[in-house]
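The lines below spell out each chain.
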Amino acid sequence: MPNFNGQLRSNEIFAALYNMIISQQVFADNISETKSSLVDMSRVDGTLYGDTKLYYSTDVLKSTPWLNDQEAANLLNLYRPDAPECQAISITEFRKICLTVDNYLSKRAWGDERSFSEFNTVMLAWIRDTKRIYDAAIFNSYVGTAESAVGKQSITITLQKAEAAETNVEKEARNRLDAQTIAMKMSNLMVELSDFSRDYNDYQNLRSFDTGSLIAVWNSEAVNKINKLDLPMIFNSLEIDKKGEYTLPARYFGTINKAGGTAPDSNNSIRSLLEKDYNVSGNVTHVFPGDLLPGKAVYLANETYTQDNTILLR
């Protein structure tokens, strides 16, 4: 339907009169889903006192041969553990959501009290929804771009290359092999994670993990391809550990741009890590984390990322 331009329609009988507006309806429930399950489970309690939470990571001890009576010489020795690693998360940023409503002049734009109250209620609800969007977007874009090259934390799965002239039968075979290859890699990874090693944490402390408590965040396009395109062609059930337990839209997965630059004219890959206004030739575009930058927008280092559809999961 066309946008209302404020022009009433002339009456069909009396041209000098104008047909009245029947009613006014304000759409509510505009944001039903924000993909907030990850940020909600990651929230921790805070207070108005202090600004920092500290997290400590310790390493394994070691055993040595027991020397029987000769151990008497060691009774006063000190065996201090290695100093723990300590990470800090600090509250350093404060944000506001501005909204002005009134109960006088703006009321004149509405035909009755119900419509006016409905409008104000929806606008006030946008305060809560804006916070929900911001929390989910900034956390999800972090999850989709956080990566480490320490140990074995970055894993590459090589799939069969699609041929330009392949038949439908060949495509089906390739899709089957893709799912089976990913399933094998995931199963091998779960076994490695359950064994103790130093390969899967940045401090390289000795760790083993309960795979049931791990969170695998899948690229939705990747997991949907496995579920809807690859697996239906395999008659027996193919178990892929942690498959589809948590998903994020493909737009959140990418690589952080360590240097500043300019988005291409028709930008379809450079996305923001921040909520920010970008001004291009006087036209201001407001973006949330995960949104595409407007074409020709100039961005700073570490405030954007390039979407990468080859990333399966984080």
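Before reading further, recall that the structure is shown in the block above.
Since the structure is predicted, the reported quantities are computational estimates derived from the model, not experimental observations. (Residues numbered from 1 in each chain as written. Predicted model: local features only at pLDDT ≥ 70, side-chain atom pairs only at ≥ 80, totals over all residues. Heavy atoms only, no water.)

(A) Here's a closer look at the pairing of strand β11 (residues 304–307). Summarising the sheet, strand β5 (residues 254–256) and β11 pair through three bridges and their orientation is antiparallel. The residue of β11 that forms the bridge with threonine 255 is threonine 306. One ladder, built from three bridges, connects strand β7 (residues 270–272) with β11; its direction is antiparallel. Pairing of isoleucine 270 across the sheet is with threonine 306, part of β11. (Pairing = 2+ DSSP bridges. Helix = DSSP H or I, 4+ residues; strand = E, 2+ residues; numbered from the N terminus.)

(B) Molecular detail of the nonpolar core. By size, the foremost hydrophobic cluster in this structure holds twelve residues: Ile182, Met186, Leu189, Met190, Leu193, Tyr200, Ala216, Trp218, Ala222, Val223, Ile226 and Leu312. When residues of this core are traced back to their parent elements, those giving at least two are α3 (168–194) and α4 (220–230). Of all hydrophobic cores here, the second largest spans ten residues; its members include Val143, Val217, Tyr252 and Phe253. (Core = buried A, V, L, I, M, F, W, Y, C linked by side-chain atoms within 4.5 Å. Buried < 20%, exposed > 50% of the residue type's maximum accessible area, 1.4 Å probe, protein only.)

(C) Looking closely at helix α2 (residues 113–145). When the terminal C-alpha atoms of α2 are compared, their 48 Å separation across 33 residues agrees well with the 48 Å that a helix rising 1.5 Å per residue should span. Of all the bends in α2, the greatest measures close to 30 degrees and is centred on isoleucine 127. Two or three places before arginine 114, at the start of α2, stands the capping residue aspartate 112, its side-chain oxygen 3.2 Å from that residue's backbone nitrogen. (Expected span 1.5 Å × (residues − 1). Bend = angle between axes of the 7 residues up to and from the residue. Polar contact = N/O pair within 3.5 Å; in protein donor to acceptor, adjacent residues only side chain to side chain.)

(D) The arrangement of the pattern of salt bridges in detail. In total, this model carries 16 salt bridges according to the counting rule given. Linking lysine 152 and glutamate 192 is a salt bridge whose minimum nitrogen-to-oxygen distance equals 3.7 Å. Linking lysine 152 in the loop between α2 and α3 with glutamate 192 in helix α3, this pair joins segments that are 40 residues apart in sequence. One salt bridge in this structure joins glutamate 166 and arginine 174, with 2.4 Å as the shortest N-O distance. Comparing glutamate 166 with arginine 174, the two get one shared label, buried. A cluster of three or more residues bridged by salt bridges with shared partners is formed by Asp40, Arg43, Lys131 and Asp135. (Salt bridge = Lys/Arg side-chain N within 4 Å of Asp/Glu carboxyl O.)

(E) Structural view of the packing of aromatic side chains. All chains considered together, the criterion is met by one aromatic pair. A ring pair is formed by tryptophan 110 and phenylalanine 119, whose centres lie 5.0 Å apart and whose planes are at 35 degrees; its orientation type is tilted. The class of tryptophan 110 is partly exposed, set by a relative accessible area of 21%. (Phe/Tyr/Trp six-rings, centres within 6.5 Å; stacked < 30°, edge-to-face > 60°.)

(F) Summary view of the environment of tyrosine 278. Note on placement: tyrosine 278 falls in strand β8 (residues 276–280). C-alpha of tyrosine 278 to C-alpha of proline 294: the two residues are 16 residues apart in sequence and 7.4 Å apart in space. Apart from residues lying up to four places away in sequence, tyrosine 278 is in contact with Ser272, Asn283, Val284, Thr285, Val287, Leu293, Pro294, Ala297, Val298, Tyr299, Glu303 and Thr304. Side chain to side chain, tyrosine 278 and glutamate 303 meet in a polar contact 3.0 Å long. (Contact = heavy atoms within 4.5 Å.)

(G) Just the pairing of β8, in detail. Two strands pair when backbone bridges link them, and β8 and strand β9 (residues 283–287) are joined in this way by five bridges, in the antiparallel orientation. Residue pairing for β9: valine 280 is matched across the bridge by asparagine 283. Where β8 folds back onto β9 in an antiparallel hairpin, the turn is made up of two residues, including serine 281, whose phi is positive at roughly 55 degrees.

(H) Representation of a nonpolar patch on the surface within the structure. Together, Ile97, Leu99, Val101, Leu124 and Ile127 make up a nonpolar patch on the protein surface, roughly 370 Å² of accessible area in all. Counting through the fold element by element, isoleucine 127 comes out in helix α2. (Patch = residues over 30% accessible without salt bridge, like charges linked within 9 Å, V, L, I, M, F, W, Y side chains within 5 Å. Areas by Shrake-Rupley, 256 points an atom, 1.4 Å probe, with all protein chains shown as cover.)

(I) Region of the structure containing the environment of tyrosine 246. Inspection of the secondary structure puts tyrosine 246 in strand β4 (residues 246–248). Residues tyrosine 246 and glutamate 303, spaced 57 residues apart in sequence, show a C-alpha to C-alpha distance of 25 Å. Excluding anything up to four places from it in sequence, tyrosine 246 contacts Ser37, Leu38, Met41, Ile215, Ala216, Val217 and Trp218.

(J) Fine view of the side chain of arginine 174. Its location among the elements puts arginine 174 in helix α3. Classification of arginine 174 by relative accessible area gives buried; the value is 14%. Engagement of the side chain of arginine 174 in a polar contact is seen with the side chain of glutamate 166, the distance being 2.4 Å. Look past the residues within four positions of arginine 174 in its chain and what remains in contact with it is Gln160, Lys161, Ala162 and Glu166.

By themselves, these observations are geometric and do not establish any function.
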